[in-house]
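# Structural overview for review
Chain residues, written in single-letter form:
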Amino acid sequence: QVQLVETGGGLVQAGGSLRLSCAASGLTFSTSAMGWFRQAPGKEREFVAAISSGGSNTDYEESVKGRFTISRDNAKNTVYLQMNSLSPEDTAVYYCGAGLNRRQLTNGRPAYWGQGTQVTVSS
């Protein structure tokens, strides 16, 4: 079955950086669009970033543009989220998602979800 396993979360001070990884198995990774989502306490899950299957096209939620970078390594079946200039407002559980295309991800409807990894940014 499809498994998406996120790692790399943790506690970081404001202004710091973290890199999240999502290792995928059970799907054809090289033809899957991949994305990141987050859910803060008391809020709905929201789209953060998406990348096309080949890696040439990306989408970002407005508040993370210029701070977060999504990338992928199809040889390792892994997608990454480099997060810089973190603020307490970025505190959330971050989820990896896989879908047929970027639109499916930007609409918040990936076919598969990971279990999430906690990111906490202290002020």
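Cut-offs and rules
- Residues numbered from 1 in each chain as written.
- Predicted model: local features only at pLDDT ≥ 70, side-chain atom pairs only at ≥ 80, totals over all residues.
- Heavy atoms only, no water.
- Salt bridge = Lys/Arg side-chain N within 4 Å of Asp/Glu carboxyl O.
- Buried < 20%, exposed > 50% of the residue type's maximum accessible area, 1.4 Å probe, protein only.
- Helix = DSSP H or I, 4+ residues; strand = E, 2+ residues; numbered from the N terminus.
- Polar contact = N/O pair within 3.5 Å; in protein donor to acceptor, adjacent residues only side chain to side chain.
- Contact = heavy atoms within 4.5 Å.
- Pairing = 2+ DSSP bridges.
- Axes fitted to C-alpha atoms, helices over the stretch in contact; angles between N-to-C directions.

### Thoughts on the pattern of salt bridges
Any two side chains of opposite charge can pair if their charged atoms end up close together. Applying the stated criterion across every chain yields a total of five salt bridges. Ionic pairing is found between Arg 38 and Glu 46, a salt bridge with its closest N-O pair at 2.7 Å. Judged by relative accessible area, Arg 38 falls into the buried class, the value being 6%. On the basis of relative accessible area, Glu 46 is assigned to the partly exposed category, the value being 32%. Here Asp 59 ties to Arg 102 by a salt bridge, and the two come within 2.5 Å at their closest N and O atoms. Pair noted here: Asp 59 is in strand β6 (residues 58–60) and Arg 102 is in helix α1 (residues 102–106), with a separation of 43 residues, a long-range link. When its relative accessible area of 26% is taken as the criterion, Arg 102 is described as partly exposed.

### Considering the side chain of Arg 67
Of note, Arg 67 is situated in the loop between β6 and β7 (68–73). For Arg 67, a relative accessible area of 18% gives the class buried. Within the structure, Arg 67 has its side chain in polar contact with the backbone oxygen of Ser 85 (distance 3.0 Å). Those residues in contact with Arg 67 that sit more than four places away from it in its chain are Gln 82, Met 83, Asn 84, Ser 85, Leu 86, Ser 87 and Asp 90.

### Brief notes about the sheet that holds β7
Overall, antiparallel pairing links the four strands, which are arranged β1-β3-β8-β7 in an open sheet. Two strands in the sheet have a free side with no partner beyond their single neighbour: β1 (3–7) and β7. Strand-to-strand twist in this sheet, taken as the mean axis angle between neighbours without regard to direction, amounts to 15 degrees. Pairing geometry for β7 and strand β8 (residues 78–83), over six bridges, is antiparallel. Each residue of the ladder has a partner; that of Ser 71, found in β8, is Tyr 80.

### Side note on the environment of Gly 114
Within the secondary structure, Gly 114 is located in the loop between β10 (112–113) and β11 (117–122). Judged by its relative accessible area of 11%, Gly 114 falls in the buried class. In this structure, the C-alpha to C-alpha distance between Gly 114 and Gly 97, residues 17 residues apart in sequence, is 6.3 Å.

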